[in-house]
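Residues per chain are reported as follows:
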Amino acid sequence: MKRFFLLALVTLTTTMAMGQDSNKAKTLLDEVYNKVKSYDNIFVDFKYSLKNEEANINTDTRGDVTMQGDKYVFNYMGAKQLYDGKKVYTVVPENEEVTIEEKIDDDNTITPSKMLTFYKQGHAYDWDILQNVQGRKIQYVKLTPINSDSETKFILLGIDVETKHIYKLIETGKNGTKTTITVNSFKIDQPLSKTLFTFDENKYKEDGYYIIRN
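Note that the structure is a prediction, hence the values are computed from the model and not measured.

Caption draft 1: Looking closely at the overall build of the protein chain. When its secondary structure is counted, the protein chain shows two helices and twelve strands. In sequence order, the protein chain lays out its α and β elements as α-β-β-β-β-β-β-β-β-β-β-β-α-β. Put simply, the protein chain has 214 residues, and 36% of those count as buried. Looking at the protein chain alone, contacts between residues at least 24 apart form 46% of all its contacts between residues at least 6 apart. When the accessible surface of the protein chain is summed, it comes to about 13,800 Å², and 51% of that surface belongs to carbon and sulfur atoms.

Caption draft 2: Here's a closer look at the pattern of salt bridges. Here the structure, examined in full by the defined rule, presents ten salt bridges. For Asp-30, the salt bridge identified is with Lys-120, shortest N-O distance 2.8 Å. Linking Asp-30 in helix H1 (residues 2-37) with Lys-120 in the loop between strand S6 (97-102) and strand S7 (123-133), this pair joins segments that are 90 residues apart in sequence. As a salt-bridge pair, Lys-203 and Asp-207 come within 3.6 Å of each other at their nearest N and O atoms. The class for Lys-203 is partly exposed, based on a relative accessible area of 39%. Using a relative accessible area of 45% as the deciding quantity, one classes Asp-207 as partly exposed. Here the salt bridges do not stand alone but share partners, grouping Lys-26, Asp-30 and Lys-120 into one network.

Caption draft 3: Structural view of the nonpolar core. Of all hydrophobic cores here, the largest spans 31 residues; its most connected members are Val-44 and Leu-143. Per-element tally for this core: the top contributor is H1, with five residues. In this structure, Leu-143 is in contact with Leu-29, Phe-118, Tyr-119, His-123, Ala-124, Tyr-125, Phe-154, Ile-155 and Leu-157, ignoring residues within four places of it in sequence. Ranked by size, the runner-up nonpolar core spans eleven residues in total, among them Tyr-89, Tyr-204, Tyr-209 and Ile-211.

Rules used throughout
- Residues numbered from 1 in each chain as written.
- Predicted model: local features only at pLDDT ≥ 70, side-chain atom pairs only at ≥ 80, totals over all residues.
- Heavy atoms only, no water.
- Helix = DSSP H or I, 4+ residues; strand = E, 2+ residues; numbered from the N terminus.
- Buried < 20%, exposed > 50% of the residue type's maximum accessible area, 1.4 Å probe, protein only.
- Contact = heavy atoms within 4.5 Å.
- Areas by Shrake-Rupley, 256 points an atom, 1.4 Å probe, with all protein chains shown as cover.
- Salt bridge = Lys/Arg side-chain N within 4 Å of Asp/Glu carboxyl O.
- Core = buried A, V, L, I, M, F, W, Y, C linked by side-chain atoms within 4.5 Å.

What follows is the structure in structure tokens.
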């Protein structure tokens, strides 16, 4: 009976601790979400790393994105993607092509406009390690997809404890692929051109671009 009682006590204590950790993680993520939503606009310059040892993939590149509400301008690997609130425009200078398509709402896809808020739904939260990065305290939260069909095994989200800004995202896929996004620069409420999120189709036609409509 005593052994059973001790075992039950240990199980209860562990369960309570896990619950507290989950609540701490959710509270921190809520603070990050509310901070992001309080800004008029956000500019993020980041490093992108993709690794898969089995497939012999090891690539590093950089990109940047400017966001205002759902609208965004995303520059990555020489291409530019713009969302004006209605349609998505993808410009590929190398091919001199522009693709115009309707925005597809897919909860499983992390679009630039969801880049800093995607964690709000569809994940279970766990408190993870605390790291010191050049004097900055980075607290990691582990996100596990609730949907068992997800191709993602888990995501580690590193958050600057002082600013409540996301510093790093590490996604581990079930196929062994590890994707890492590290924020190099995070700027808020910058003066933006009134035409930043406006697509000028005539300009690209004049430059000889081929327009594809999907």
